[in-house]
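Here is how the chains run, residue by residue.
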Amino acid sequence: MEKEKAYYENVNIKNELKLRELLGKLPRFCKQFFIGIEPTTSSRTRIAYAYDLTTFFHYLKDTNPSFKNVEVVDFPIAVLDQITPLDIQEYLFYLKLYEKDGVAHANDERGLKRKLACLRTFYNFFYKNEFIETNPAFKVDMPKIHDKNIVRLDSDEVLMMLNQTESGEKLSDRQRTFHEKTKKRDMALLMLLLGTGIRVSECVGLDLNDVDFKNNGIKIHRKGGAEVMVYFSQEVRDSLDEYLEERQLVTPKAGHENALFLSLQNRRITVRAVENLVKKYASLVTNVKNITPHKLRSTYGTNLYRETGDIYLVADVLGHKDVNTTRKHYAAIEDDRRREAAQYVKLREK
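Every chain's residues receive numbers from 1 upward, in the order its sequence appears when written. Local features in this predicted model are restricted to residues of pLDDT 70 or higher, and side-chain atom pairs are both shown and tallied only at a pLDDT of 80 or more, whereas totals for entire chains, interfaces and linings draw on every residue. Side-chain metrics in this entry use all non-hydrogen atoms of the structure; hydrogen atoms and water are not considered.

In DSSP terms, a helix is any run of H or I states spanning at least four residues, a strand is any run of E spanning at least two, and both are numbered starting from the N terminus. Looking only at helices and strands, the protein chain has 15 helices and five strands in total. Three labels apply to residues, based on accessible area from a 1.4 Å probe with only protein chains included: buried if under 20% of the type maximum, exposed if over 50%, partly exposed otherwise in between. Burial statistics for the protein chain: of 350 residues in total, 40% are counted as buried. Look at the contacts in the protein chain between residues 6 or more apart in sequence, and 61% of them connect residues 24 or more apart. Here, Shrake-Rupley sampling with a 1.4 Å probe gives the accessible areas, and only protein chains in the shown set may cover a residue. Just so you have it, the protein chain exposes about 20700 Å², and 50% of that area is on carbon and sulfur atoms. In what follows, a contact means two residues having at least one pair of non-hydrogen atoms within 4.5 Å.

Here it is in structure tokens:
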């Protein structure tokens, strides 16, 4: 527990240092905003806001003649009152496709929505605290989000991916060299993700003493800090048992002794490493679907809902605060079930 707490504290420290670096490139008055939202936001959210605001203020400097000779850090807060709703609409149009330092950038509906949400939060803070007189961001409508099909692995694809993880048959010669050293870890990690639906951040934060083999459960910390037990099946336990026999023979680096999943460098495995691991094995099974750890979470949710038909259970296990979030993700399956329902009631027996 203490090691897990130290891990998250270390992540937050790194994020705070990164945020301070980004603040050095923003107008000085922005510091008050980040101080104000600190109690109600995560360090990752504040970093995302800092990146989005950096894009916004550089856009103003590059496109508005009034700001051409003023450094971004020297922008006065009065700049905010000079922006109109039309200016923000033009900014969103610009964000759809733009070039910066020779690199092309694009934003889809969700990217545009996030950046407008950032501006709304930013303007609301200064408007509510009476630093500015206008709130143009509030007058701009949020981009309409068109639902995408939820990407997930089919049952046969799950089986094939796990078989490939175990055998390494389709891996390159170089990949096979590492595979011999990591296959039990990889198998246990994928089985846990596919068998519980936990988030990748929750997975990499697991400690050895978070695993309860008596009840086949793991203790995780959800978004917002809630501590919950999530339970796994016997086949997941068997895979964890095999990995932990191997794990006991490893001497972890200092500070990583209690981490459940270790990298080849004997440090706690990172989110990026798990993302690469999932991509490697999933690409052996499908080239059409872009499979990430979050897609494995969707795969688990889909399988659980198909087996139980209980949307509230799925929401609870996945840690969704609002069942409507879950319902939106699994609406297509509900439609399948409604189609099946039409076949259950017979009006005239033949």
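Between side chains of opposite charge, pairing is possible as soon as their charged atoms come close. Salt bridges are defined by distance alone: a side-chain nitrogen of Lys or Arg within 4 Å of a carboxyl oxygen of Asp or Glu. Under the definition given, this model contains 15 salt bridges. We note a salt bridge from K289 to E157, for which the minimum N-O separation is 2.8 Å. Of this pair, K289 sits in the loop between α11 (271–282) and α12 (293–308) while E157 sits in helix α7 (residues 155–167), and the two are 132 residues apart along the sequence. Of the charged contacts in the structure, one is a salt bridge between D210 and K219, with a shortest N-O distance of 4.0 Å.

Right, let's talk about the side chain of D186 for a bit. Topologically, D186 is positioned in helix α8 (residues 173–196). Overall, D186 belongs to the buried group, its relative accessible area being 1%. Sequence-distant contacts of D186, defined by excluding residues within four places in its chain, comprise T165, L277, K280 and Y281.

Turning our eyes to something else, we now look at the sheet that holds strand β3 (residues 211–212). The strand order β3-β4-β5 describes an open sheet built from three strands, whose pairing is antiparallel. The open sheet is flanked by β3 and β5 (227–231), the only strands paired with a single partner. Strand pairing is assigned whenever DSSP detects at least two bridges linking the two strands.

Judged by side-chain charge, E166, E235, D238, E242 and E245 come together as a negatively charged surface patch. Here the negative patch takes four residues from helix α10 (residues 234–247), the largest share from any one element. Looking at the element boundaries, E235 is found in helix α10. By definition, no residue in a patch forms a salt bridge, and every one has over 30% relative accessible area; like charges are joined within 9 Å, nonpolar side chains (Val, Leu, Ile, Met, Phe, Trp, Tyr) within 5 Å. The charge count includes Lys and Arg as positive and Asp and Glu as negative, but it does not include His or the ends of the chains. Charge positions come from single atoms, namely NZ of Lys, CZ of Arg, CG of Asp or CD of Glu.

A few words now on the packing of α8 against α12. Where α8 contacts α12, the two axes come as close as 6 Å, and the packing angle between them is 45°. Judged by the angle between their axes, α8 and α12 are oblique. Where α8 abuts α12, its residues L190, L193, L194, G195 and T196 lie against L296, T299 and Y300. A per-class count over the contact of α8 with α12 returns five nonpolar, three polar and no charged. Helix axes are fitted to C-alpha atoms over the stretch in contact, other axes to C-alpha atoms as well, and angles between N-to-C directions run from 0 to 180 degrees. Here is the rule for angles: anything less than 35 degrees is roughly parallel, anything more than 145 is roughly antiparallel, 65 through 115 is roughly perpendicular, and the remaining ranges are oblique. Residue polarity is assigned by list, with Asp, Glu, Lys and Arg as charged and Ala, Val, Leu, Ile, Met, Phe, Trp, Tyr, Cys and Pro as nonpolar; anything else, Gly included, falls into the polar class.

On to the nonpolar core, then. Residues M161, L192, I198, I218, F261 and L296 are the most contacted members of the largest nonpolar core, which totals 41 residues. Put simply, the parts of the chain that give this core at least two residues each are α7, α8, α9 (200–204), β4 (217–221), α10 and α11. The biggest single contributor to this core is α8, with eight residues. Excluding residues that lie within four positions of it along the chain, L296 makes contacts with L153, M161, L190, L193, L194, V278 and I291. Among the buried residues, those of types Ala, Val, Leu, Ile, Met, Phe, Trp, Tyr and Cys that are joined through side-chain atoms within 4.5 Å form a nonpolar core. Membership of the second largest hydrophobic core comes to 39 residues, among which are L19, I47, F57 and F125.

With that settled, consider unusual backbone geometry. Most of the time, phi is negative for any residue but glycine, and the peptide bond is trans. Non-glycine residue E130 carries a positive phi angle of around 60°. Note on placement: E130 falls in the loop between α6 (109–128) and α7. Taking relative accessible area as the criterion, E130 reaches 69% and is therefore assigned exposed. One non-glycine residue, N266, lies in positive phi territory at about 60°. With respect to the helices and strands, the residue N266 is situated in the loop between α10 and α11. Using a relative accessible area of 24% as the deciding quantity, one classes N266 as partly exposed.

Tracing the chain through its elements places A106 in strand β2 (residues 103–106). C-alpha of A106 to C-alpha of K96: the two residues are 10 residues apart in sequence and 5.1 Å apart in space. Among all residues touching A106, those that are not within four sequence positions of it are L95, K96 and L97.

Treat this as a map of the structure, not an account of what it does.
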